[in-house]
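# Fold and geometry: a report
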Amino acid sequence: MRIRLTGRPGACLVVSGPGVVHALAGLANAQQNCWPMILIGGASETYRGGMGAFQEERQVLIASPFCKFAHAVEHPDRIPFYVEMAVRNSISLVADDCSYTVIAPGAGGLPRGAYWATALVAGALIAFQIAVMRLFSVGSWAHFGSLVVSLAMFGFGLTSAVMCVGKGWFERHWQGAVKGALLAFGPLMVVCNLAAQQVPFNAIFLISDPMQKWRLFANFVLYFLPFLAGALYLGVVFLKAQKTFNRVYFADLVGSGLCGLSVLLALYVFKPQDIVMAPLLLWLAGGILWFVALRDTRGIVAILIVAVLAAAVHYVAPDVIGIPKLAVSDYKGVSYARKFPDNKRTYERTSPFGYMEIYSSSYLHFAPGLSDNAAFNLKKMPDNAYLGLYLDSEGPSGVIKDLPDDQTAYFRYLPMFYPYVLKQNPDTFVVQFGGGISTAVALKVGSNHVTVAEGNPAILTAFREDKGLRDFTGDILNNKKVSVIDYDGRLYLANTKNRYDVIDLSLADSAGLSSPGGFSIVEKYSYTR
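First, a word on scope: everything that follows refers to the structure included in this document. The written sequence of each chain sets the order in which its residues are numbered from 1. pLDDT decides what is reported in this predicted model: residues at 70 or higher carry local features, side-chain atom pairs at 80 or more are listed and counted, and totals for whole chains, interfaces and linings draw on all residues regardless. The side-chain values count all of the structure's non-hydrogen atoms but skip hydrogen atoms and water molecules.

So, on to the overall build of the protein. When helices and strands are counted, the protein shows 20 helices and 12 strands. A 1.4 Å probe rolled over the protein chains alone gives each residue an accessible area, and that area as a share of the maximum for its type sets the label: buried under 20%, exposed over 50%, partly exposed in between. A buried classification covers 46% of the 529 residues belonging to the protein. Restricting the contact set of the protein to residue pairs at least 6 apart, pairs at least 24 apart contribute 70%. Every accessible area reported is derived by Shrake-Rupley at a probe size of 1.4 Å, with residue values counting cover from the shown protein chains alone. Per element, the accessible surface of the protein, about 26,400 Å² overall, is 61% carbon and sulfur. Numbering of helices and strands runs from the N terminus; a helix is a DSSP stretch of H or I covering at least four residues, while a strand is a stretch of E covering at least two. Here, residues are in contact when the closest pair of their heavy atoms is within 4.5 Å.

Structure (structure tokens):
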């Protein structure tokens, strides 16, 4: 038990022959559990070897399959040397088979802490994949976010090919290779991400502008480098732990899965421009555990210094140099809002459901259908009637102000008004709340009750809890006439027994032409049979 708790080698002293044979069970047990143990067995006189001496046995031969180091003591003066060698081998990861009497088992396994380290570093790789996908989604082209999967696979493939060719070199220099890859992985995540943000590309012009291909290639190379370092670390660890491959592989899978889930929680804490800090923290924890397991004090100091420098580069360097941590494409809707002279961000929240921003500006105006005709027919248009809601920089979705009664004539020029001309005081169902325009119209025209669906919890939280939004919209979601369904409206309609006089589909799943790619609609095949 002491061996398991402390990681320090235990010693077993037995007589020659049967004593060593009986100790093989404990030796095998220590081997399978990767516990450091030293077995010291007696022996007959060396000059009587092979002559049938008392309790003579081929002790090295029978013990070697269960240990890393074995040797006979040819002279009493050599005992201290062989005991030292046994201790060194029992607590190290070096597999070295020799011969006879002083036996240090271990099977080339990793110290217990190294398995935790491997799990965390593998998790950092998965976390970095998710982080890069979020950066592409918020900053530029979500379609290209999937490239990180291929980059990760390429990193592992290239590392495997190189290690197959240079297997002998990696086996001899495994400690340096692991240390170098581990120390490089963290800062590469930060530096390469920051560099990639300085070379944004525009997929619309990939054909017409040759420079866009080189910009895209630069993104590929920069985001590939961290995966290469992480793959090298894992590859060398797997190489050195061949006899306990199943344990390392289990640690890799469990760490990847659990750390991937932890990134979802990190999305509540880190804004998109800082999300790279999540894999950086996982890497730091894994690196410290690795060097602690190997009792490498210099390694611990080195990784702490490197981590501090990497964090400083991420948080300090952009402001000093004057570069963005996250470059948002000019073709993203939020880029237009940020360029309005009087723009003001009135709400901001990050979560796994998207990075949500709401902007105010006198330049914001929404005119679904032919509603711009209102300007020609009304004596006065409502002032600053809209806010713009953006999710992952896409949008805007219009958030309409709670208009006073003398300005509600404006609603007559909105296309979603006309069903209420045909049906007075209806029970209404709004398929998607979005920014709330359809819900506001349904209430203002006198619906008996409005049921509204919204599948994004972040939107519901904003309109229910943020004081600024509640004041602007007249606390629309807390209105006594409003019931909220917190999942997809079409799915609700397909399974409910409730019936409605008016079902408002307008603006549901629509996207502006400002979206990258210029698509005016979003296809959802889940709506078809």
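A word on the packing of aromatic side chains. Note on aromatic pairs: the rings of Phe, Tyr and Trp (six-membered ring only in Trp) are paired at centre separations within 6.5 Å, and the planes decide the class, stacked below 30 degrees, edge-to-face beyond 60, tilted for the rest. The final tally for this structure, using the stated rule, is 19 aromatic pairs. Pairing Phe128 with Tyr223 gives two aromatic rings, centres 6.4 Å apart and planes at 50°, and the pair type is tilted. Taken together, the positions of Phe128 in helix H5 (residues 112–139) and Tyr223 in helix H9 (residues 210–240) put the pair 95 residues apart, joining distant regions of the chain. Classification of Phe128 as buried rests on a relative accessible area of 1%. Measuring from ring centre to ring centre gives 4.9 Å for Phe433 and Phe463, while their planes differ by 85°; the resulting arrangement is edge-to-face. Pair noted here: Phe433 is in the loop between strand E9 (427–430) and helix H17 (437–444) and Phe463 is in helix H18 (residues 457–465), with a separation of 30 residues, a long-range link. Per residue, the accessibility class of Phe433 equals that of Phe463, and both read buried. Of the aromatic side chains, those joined through ring pairs into one cluster are Phe128, Phe136, Phe201, Tyr223 and Phe227.

Axes are the key here: two packed helices are described by the angle between their axes and the distance separating the axes. The interhelical angle for the contact between H5 and helix H8 (residues 174–196), taken along N-to-C directions, is 5°, at an axis separation of 12 Å. As far as their axial angle goes, H8 and H5 are roughly parallel. Residue-level inspection shows Val121, Ala124, Leu125, Phe128 and Leu135 of H5 in contact with H8, the latter providing Leu182, Phe185, Met189 and Asn193. Charged means Asp, Glu, Lys or Arg here, nonpolar means Ala, Val, Leu, Ile, Met, Phe, Trp, Tyr, Cys or Pro, and polar covers whatever is left, Gly included. In terms of residue class, the contact of H5 with H8 is built from 8 nonpolar, 1 polar and no charged. To get an axis, fit a line to the C-alpha atoms, keeping to the stretch in contact for a helix; angles then go from 0 to 180 degrees between the N-to-C directions. Just so you know how the angles are binned, under 35 degrees is roughly parallel, over 145 roughly antiparallel, 65 to 115 roughly perpendicular, and the rest oblique.

Bringing the sheet that holds strand E6 (residues 354–360) into the picture now. Judged by pairing direction, the sheet is antiparallel, and its 4 strands sit side by side in the order E5-E6-E7-E8 without closing on themselves. Edge positions in the sheet fall to strand E5 (344–351) and strand E8 (394–400), since each of these pairs with one other strand and no more. The sheet shows a mean angle of 20° between the axes of neighbouring strands, taken without regard to direction. Relative to the sheet, H18 contacts E5, E6, strand E7 (386–391) and E8, its axis offset from that of E5 by approximately 135°. Two strands qualify as a pair provided DSSP detects at least 2 bridges between them.

Mapped onto the secondary structure, Ala462 falls in helix H18. Residues Ala462 and Met356, 106 residues apart in the sequence, show an inter-C-alpha distance of 9.1 Å.

Bridge count between strand E1 (residues 10–14) and strand E2 (residues 37–41): 5 bridges; the pairing is parallel. Note that in E2 the partner of Leu13 across the bridge is Ile40. Following the chain from E1 across helix H2 (residues 18–33) to the adjacent parallel E2, one finds a crossover that is right-handed. Place the viewer so that the strands point away; then a crossover is right-handed whenever the path from the first strand over the helix to the second strand goes clockwise.

By themselves, these observations are geometric and do not establish any function.
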